[in-house]
Amino acid sequence: MSSQKNLKLTRRQYFFIIIQTQIGVGILALPFDLHTAAKQDGWISLIISGTLLIILLIFLWMLANKYPEKDYFKIQEHVLTRWVGKTLSVLYVIYFSSVGILILLLYSRMISLWVLPNTPYWVLSIMMILISMYIVCCDLITIGRLYTMFSALLIFLVGLIIYSVKDSKLMYLLPIASNGWGEILTGVDKGLISFLGFIVALVIYSKVEGRAKDKLKTIIYAQFTVLVFYLSIVLVTFTFFSTKEIALVPEPVLYMLKSYQFPIVARIDLFFISMWMVFVATSLSTYLYMAGLGVRRIFKTQNNKMTVFSVGCLLFISSLFVGFDLAKLDIFRSYVVYGGYIFSMGIPLVILLISLFRKNRNKVKDS
């Protein structure tokens, strides 16, 4: 049992955990969100977002690589002192839990709209949270293996997207940058939101085997894979619908697939949703794992199952206060998005700067 706990993730498992965390509930509405901000140039915004995040991930790798044997919560305590680190850990637990709640809300709303309109919110959410709790009760190695297996479904998702290319019209992308770079840069914000799950690369870095450079390559490859996947979805939907049409369809991917029919599958959109649910479950599970890890670091406990159960129940009960209320959902989503910039980008960069300053100061003292 102890040898199992001491095992580390392979780089392949690390790769798929990063992918599974980022590809989640947001993929169905991403083209609509980008189009709302940047019109037909939303795909350019997405490329800029992905490129910026790859640069950001290099800085996060620098932070993780300075303390290769410590997870992110321990790094905070080491760099910022114990009490400041623990205070930040509490805030991170709240943030990770909030993202988990948002995933539950968006998932349940989507299933209610497309599949089960008469099913109460609590039924839809409790089924998803139970699945995620079951996954996270396992050790990280098992989670990595499970995510690696589930990633085979990406082939089917990509296949369905590629099938739609036959009805694409590239002229819908023209004229490029007709509305100016102001709107394109506004769309960068929407693109960054879709990638926020990248923080998992920093949180579990210490639990991955291999050399530092190899881990960095894995992180960059994973981020690039997610960027290509998102870009393919955005380009296909942008060339399937005209600019006026896509403005009227909040879930363009599903509306696009709904127009097709195979001999053995009448509703392609429902088939897509059934596979999409797996990615929602893995994304939610990762945030549940990170929140649970933070709780264990705060209270210095090793009881993973009890921690996961407690956090999972908290997520479910908290989400009931929002439910299908669209106004509350929009407000809550905006807070989570702002939190993403602070906790996934701002704070890690500040910690990196402080760690570099402390290192330079120690060098000056030694000299």
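Rules used in this analysis
- Residues numbered from 1 in each chain as written.
- Predicted model: local features only at pLDDT ≥ 70, side-chain atom pairs only at ≥ 80, totals over all residues.
- Heavy atoms only, no water.
- Axes fitted to C-alpha atoms, helices over the stretch in contact; angles between N-to-C directions.
- Helix = DSSP H or I, 4+ residues; strand = E, 2+ residues; numbered from the N terminus.
- Parallel < 35°, antiparallel > 145°, perpendicular 65-115°, else oblique.
- Left-handed = near helix turned anticlockwise from the far one by under 90°.
- Contact = heavy atoms within 4.5 Å.
- Nonpolar A, V, L, I, M, F, W, Y, C, P; charged D, E, K, R; others polar.
- Patch = residues over 30% accessible without salt bridge, like charges linked within 9 Å, V, L, I, M, F, W, Y side chains within 5 Å.
- Areas by Shrake-Rupley, 256 points an atom, 1.4 Å probe, with all protein chains shown as cover.
- Salt bridge = Lys/Arg side-chain N within 4 Å of Asp/Glu carboxyl O.
- Lys, Arg positive; Asp, Glu negative; His and termini not counted.
- Charge placed at Lys NZ, Arg CZ, Asp CG, Glu CD.
- Buried < 20%, exposed > 50% of the residue type's maximum accessible area, 1.4 Å probe, protein only.
- Core = buried A, V, L, I, M, F, W, Y, C linked by side-chain atoms within 4.5 Å.
- pLDDT = per-residue confidence, 0-100.
- 1 Å grid on protein atoms, 1.4 Å probe; cavity = no way out; pocket = protein on both sides within 12 Å on 5 of 7 lines; lining within 4 Å.
- Points joined across faces, edges and corners; volume = space filled by probe spheres on them.

Draft legend 1. Spatial organisation of the packing of helix α3 (residues 30-38) against helix α10 (residues 181-194). Look at α3 against α10: their axes get within 7 Å of each other, and the N-to-C directions meet at 155°. Taken together, the axes of α3 and α10 are roughly antiparallel relative to one another. For the pair α3 and α10, the crossing hand works out as right-handed. Residues Leu-30, Asp-33, Leu-34, Ala-37 and Ala-38 of α3 lie in contact with α10, whose contacting residues are Glu-183, Ile-184, Thr-186, Gly-187, Lys-190, Gly-191 and Ser-194. In the contact of α3 with α10, the residues fall into five nonpolar, four polar and three charged.

Draft legend 2. Layout of a positive patch on the surface. Side chains of Lys-70, Lys-74, Arg-82 and Lys-300 sit close together on the surface and give a patch of like positive charge. Relative to the elements of secondary structure, Lys-70 occurs in the loop between α4 (42-66) and α5 (72-80). On the accessibility criterion, Lys-70 (31% relative accessible area) is partly exposed.

Draft legend 3. Quick peek at the nonpolar core. Membership of the largest hydrophobic core comes to 126 residues, with the highest contact counts inside it found for Phe-96, Phe-272 and Trp-276. Top contributing element to this core by residue count: helix α15 (residues 268-299), with 17 residues. Non-local contacts of Phe-272, meaning those with residues more than four positions away in its chain, are made with Ile-27, Leu-28, Leu-157, Leu-160, Ile-161, Val-253, Leu-254 and Leu-257.

Draft legend 4. Region of interest: the confidence of the model for the protein. Averaged over every residue, the pLDDT of the protein is 88; residues scoring 70 or more account for 96%. Predicted confidence in the protein is weakest over helix α1 (residues 2-6), with a mean pLDDT of 52, and strongest over helix α7 (residues 121-136), with 94.

Draft legend 5. Focus on the layout of surface pockets. Within this model, the largest pocket holds a volume of roughly 980 Å³. Together, 37 residues line the largest pocket, and Gly-26, Asp-33, Leu-106, Ile-193 and Arg-333 are the ones closest to its centre. Secondary structure elements with two or more residues in the lining of the largest pocket: α2 (11-22), α3, α6 (82-114), α10, α15 and α17 (326-366). Take the lining of the largest pocket: its biggest share by element is eight residues, from α17. Here the residues of the lining of the largest pocket sort into 22 nonpolar, eight polar and seven charged.

Draft legend 6. Structural context of the packing of α3 against helix α12 (residues 212-240). Between α3 and α12, the least distance of the axes is 9 Å, while the angle of their chain directions is 70°. By the angle between their axes, α3 is roughly perpendicular relative to α12. Judged by the twist between their axes, the crossing of α3 over α12 is right-handed. Between α3 and α12, the contacting residues are Leu-30, Pro-31, Leu-34 and His-35 on the first element and Tyr-230, Ile-233, Val-234, Thr-237 and Phe-238 on the second. Here the residues of the contact of α3 with α12 sort into seven nonpolar, two polar and no charged.

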